[in-house]
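Close look at the chain arrangement
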Amino acid sequence: MLARLLRPKQVASAHCDLPCGVYDPAQARIEAESVKAIMEKYAANEDPVFRTRALIIKEQRAELVKHHLWVLWTDYFKPHHLEKYPQLHQLFWEATKLAGAAGGKGTVDVAQADELLAKIDEISKIFWETKAA
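Residues numbered from 1 in each chain as written. Predicted model: local features only at pLDDT ≥ 70, side-chain atom pairs only at ≥ 80, totals over all residues. Heavy atoms only, no water.

**Focus: the packing of aromatic side chains**
Using the criterion set out here, one finds eight aromatic pairs in the structure. Ring geometry for W73 against F77: centres 6.4 Å apart, planes inclined by 50°, an arrangement best described as tilted. Side by side, W73 and F77 carry an identical accessibility label, which is buried. Pairing F127 with W128 gives two aromatic rings, centres 4.8 Å apart and planes at 85°, and the pair type is edge-to-face. The class for F127 is buried, based on a relative accessible area of 0%. Ring pairing ties together the aromatic residues Y23, W73, Y76, F77, F92, F127 and W128, which thus form one cluster. Of note, R51 hangs over the ring of Y42, and the distance from its end group to the ring centre comes to 4.0 Å. (Phe/Tyr/Trp six-rings, centres within 6.5 Å; stacked < 30°, edge-to-face > 60°. Buried < 20%, exposed > 50% of the residue type's maximum accessible area, 1.4 Å probe, protein only. Lys NZ or Arg CZ within 6 Å of the ring centre and 35° of its normal.)

**Quick word on the packing of helix α3 (residues 48–76) against helix α5 (residues 88–99)**
Running from N to C, α3 and α5 cross one another at 165°; their axes reach a closest spacing of 8 Å. With respect to their mutual orientation, α3 and α5 come out roughly antiparallel. As α3 runs across α5, the sense of the crossing is left-handed. On the side of α3, the interface is formed by A62, V65, K66, L69, W70, L72 and W73, while α5 contributes L88, H89, F92, A95, T96 and A99. The residue inventory of the contact of α3 with α5, partitioned by class, reads ten nonpolar, two polar and one charged. (Axes fitted to C-alpha atoms, helices over the stretch in contact; angles between N-to-C directions. Helix = DSSP H or I, 4+ residues; strand = E, 2+ residues; numbered from the N terminus. Parallel < 35°, antiparallel > 145°, perpendicular 65-115°, else oblique. Left-handed = near helix turned anticlockwise from the far one by under 90°. Contact = heavy atoms within 4.5 Å. Nonpolar A, V, L, I, M, F, W, Y, C, P; charged D, E, K, R; others polar.)

**Things to note about the nonpolar core**
One finds L69, L72, F77, F92, L116 and I123 to be the most contacted residues of the largest nonpolar core, which totals 22 residues. Those elements giving two or more residues to this core turn out to be α2 (26–43), α3, α5 and α6 (110–132). Residue contacts for L69: discarding those within four places in its chain leaves A28, F92, A95, T96, I120 and I123. (Core = buried A, V, L, I, M, F, W, Y, C linked by side-chain atoms within 4.5 Å.)

**Focus: the pattern of salt bridges**
Tallying each qualifying case throughout the model produces eight salt bridges. Two residues, D114 and K36, come together in a salt bridge whose shortest N-O distance is 2.7 Å. Taken together, the residues span a long stretch of sequence, with D114 in helix α6 and K36 in helix α2 at a distance of 78 residues. For D114, a relative accessible area of 35% puts it in the partly exposed group. Note that E94 is salt-bridged to K119, the shortest N-O span being 2.5 Å. Here E94 is found in helix α5, whereas its partner K119 is found in helix α6, with 25 residues between them in sequence. Judged by relative accessible area, which is 23%, E94 ranks as partly exposed. Put simply, R29, E33 and D121 are held in one network by salt bridges that share partners. (Salt bridge = Lys/Arg side-chain N within 4 Å of Asp/Glu carboxyl O.)

**What to know about α6**
For α6, which comprises 23 residues, the first-to-last C-alpha distance of 33 Å matches the rise-based estimate of 33 Å (1.5 Å per residue) to within 8%. Regarding α6, the residues found buried are Q112, A113, L116, L117, K119, I120, I123, S124, I126, F127 and T130. With a side-chain oxygen positioned 3.0 Å from the backbone nitrogen of A111, the residue opening α6 is D109. (Expected span 1.5 Å × (residues − 1). Polar contact = N/O pair within 3.5 Å; in protein donor to acceptor, adjacent residues only side chain to side chain.)

Set out below in structure tokens:
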């Protein structure tokens, strides 16, 4: 009897956590741009205290890039997207590697940041194509 009373009156389903529109690769891009800017500032400054602070902030921003990419990958993109865009697995793997220890978190090489931004642009292009469909 209690289970019957507590059962929802209506059941709703959705393909994402909230109605579409809450996901946006721009979040990952903004953080990746921060990573690149910090790398540039790091290279232009010899002060060891500044450099230490820059590395800490860069690593935090790189972690946020990974977070935003994985939210898109795990919450937004669905199997039917993968059918149309089979490169998504590889693209997300490469982008998160570029944000992680092998890239944004583990280096101050601006070229790595540029590669990350290029991968995010590819993901963004696919994202907006799927949103338009």
